[in-house]
Amino acid sequence: MGVETELIDGTDLAAWKAALKTPVKLVFLESPSNPVLELVDIAAVCDLAHDAGALVLVDNVFASPLYQRPLELGADIVIYSTTKHIDGQGRLLGGAVLGKASFVEDVFLPFYRQTGAAISAFNAWVMMKSLETLPLRVAAQTENARHVAAFLHDHPKVKSISYPGHESHPQHDLAKRQMSGFGNMLAFEINGDQAAAFRFFECACADRHLE
Ligand SMILES: *Cc1c(COP(=O)(O)O)cnc(C)c1O
C-alpha cells in the first residue's frame, strides 16, 4: 500500500532523532514493551515527532490506563488491547483506540464503520463493567509483581529480571518520571541454557516449585 516503515531501538533517543530527519507521518511505539519491558521516553519522542510533523501513537497495554497517561505526555493516539487488564477475567476479546474527537470522528469512525471492526454491544457492556474493578485488580497484581520481581532478582537461578519498578531496571528513573505505578508484568532470564529454561516452563506448567 506504499507505506514505508523504519524500525528503531526505541530506548535510544539519538536513533529517534536520526530517524525523524526524514519526513514521517506517524510514530508507533509501545512502552513498556511486551515482552521485555523496555521503556520509551514518551514526552521526549512526542517533542521530536511533532517537530518533524508526525503524529504519535502509543500502545499503552502494559502500563494500563491506571499507571500511564500518554495523551498527557503529548501523544496523539493511544491504543489498548482491552482483552488484557481491562477485561482481565478471560471472557472477551476487544480493543480501544483513544484520541482527539477530530481523529476519532474524521479518521477512525469511517474506517471502522466500513470495515466492521466494531465491538458487539454485549462485549462493550462487559468491558465497561470491568472498568469498575480495574483499579482494584491491577493495583493488587502490581503489588504481587513487585514482590515477585524482588524474589526473582535475589534468586540464584535467575540471571536477570526486567521490571520498571525495580532499581535494577536500566530505565528505572524514566519509569518513575512517566509512570505513576509500575504495572503487573515482568520478565526474567533463567541462569542457564535453553534446556534449563524449558525445565522451568515444565515446572511452572505442572505447578511445581522451582528447584
Ligand atoms: C497483547 C498485546 C497486544 C495485542 O492484543 P490482542 O488483544 O491480542 O489484539 C498489543 N500490544 C501489546 C503491548 C500487547 O501486550
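Residues numbered from 1 in each chain as written. Predicted model: local features only at pLDDT ≥ 70, side-chain atom pairs only at ≥ 80, totals over all residues. Heavy atoms only, no water.

Comments concerning the pattern of salt bridges
Summed over the entire model, instances satisfying the criterion amount to 7 salt bridges. In this structure, Arg91 and Asp87 form a salt bridge, with 2.8 Å as the shortest nitrogen-oxygen distance. (Salt bridge = Lys/Arg side-chain N within 4 Å of Asp/Glu carboxyl O.)

Comments concerning the environment of Glu38
Relative to the helices and strands, Glu38 is located in the loop between β1 (26-30) and α2 (42-51). Residues Glu38 and Phe200, 162 residues apart in the sequence, show an inter-C-alpha distance of 23 Å. Not counting chain neighbours up to four residues away, the residues in contact with Glu38 comprise Thr11, Glu30, Ser31, Pro32, Ser33 and Gln171. (Helix = DSSP H or I, 4+ residues; strand = E, 2+ residues; numbered from the N terminus. Contact = heavy atoms within 4.5 Å.)

Some words on the layout of surface pockets
Quantified by volume, the largest pocket comes out at close to 910 Å³. Lining the largest pocket are 28 residues, with Thr5, Glu6, Leu26, Val27 and Phe28 sitting closest to its centre. If one sorts the elements of the lining of the largest pocket by residue count, β1 sits on top with 5 residues. One number sums up the size of the second largest pocket: a volume of about 570 Å³. Lining the second largest pocket are 20 residues, with Gly95, Ala96, Val97, Phe108 and Ile119 positioned closest to its centre. Mapped by element, the contributors of at least two residues to the lining of the second largest pocket are β4 (95-99), α5 (101-115) and α6 (121-153). (1 Å grid on protein atoms, 1.4 Å probe; cavity = no way out; pocket = protein on both sides within 12 Å on 5 of 7 lines; lining within 4 Å. Points joined across faces, edges and corners; volume = space filled by probe spheres on them.)

Notes on a nonpolar patch on the surface
On the surface, Leu26, Phe28 and Leu55 cluster together to form a nonpolar patch covering roughly 280 Å² of accessible area. Considering the arrangement of structural elements, one finds Leu55 in strand β2 (residues 55-59). (Patch = residues over 30% accessible without salt bridge, like charges linked within 9 Å, V, L, I, M, F, W, Y side chains within 5 Å. Areas by Shrake-Rupley, 256 points an atom, 1.4 Å probe, with all protein chains shown as cover.)

Let's talk about the site of the ligand
Every residue close to the ligand is listed here: Glu30, Asn34, Asp59, Val61, Phe62, Ser81, Thr83 and Lys84. The side chain of Asp59 places a nitrogen or oxygen atom 2.5 Å from a nitrogen atom of the ligand. Within the complex, the protein chains bury 60% of what would otherwise be the 380 Å² of accessible surface of the ligand. Residues of the shell around the ligand, tallied by class, amount to 2 nonpolar, 3 polar and 3 charged. (Near = heavy atom within 4 Å. Polar contact = N/O pair within 3.5 Å; in protein donor to acceptor, adjacent residues only side chain to side chain. Nonpolar A, V, L, I, M, F, W, Y, C, P; charged D, E, K, R; others polar.)

As for the domain arrangement of the protein
The domain boundaries assigned to the protein delineate domain 1 (13-132) and domain 2 (133-205). Relative placement of domain 1 and domain 2: their C-alpha centres are 23 Å apart. Of the residues lining the interface, 28 residues belong to domain 1; the matching set on domain 2 comes to 24 residues. Of the roughly 1900 Å² buried between domain 1 and domain 2 on both sides combined, carbon and sulfur atoms contribute 58%. When the area that domain 1 buries against domain 2 is broken down by residue, the three leading residues are Leu37, Leu39 and Tyr67, summing to 37%. (Domains from an automatic or database assignment. Buried area = accessible area lost by both parts, 1.4 Å probe.)

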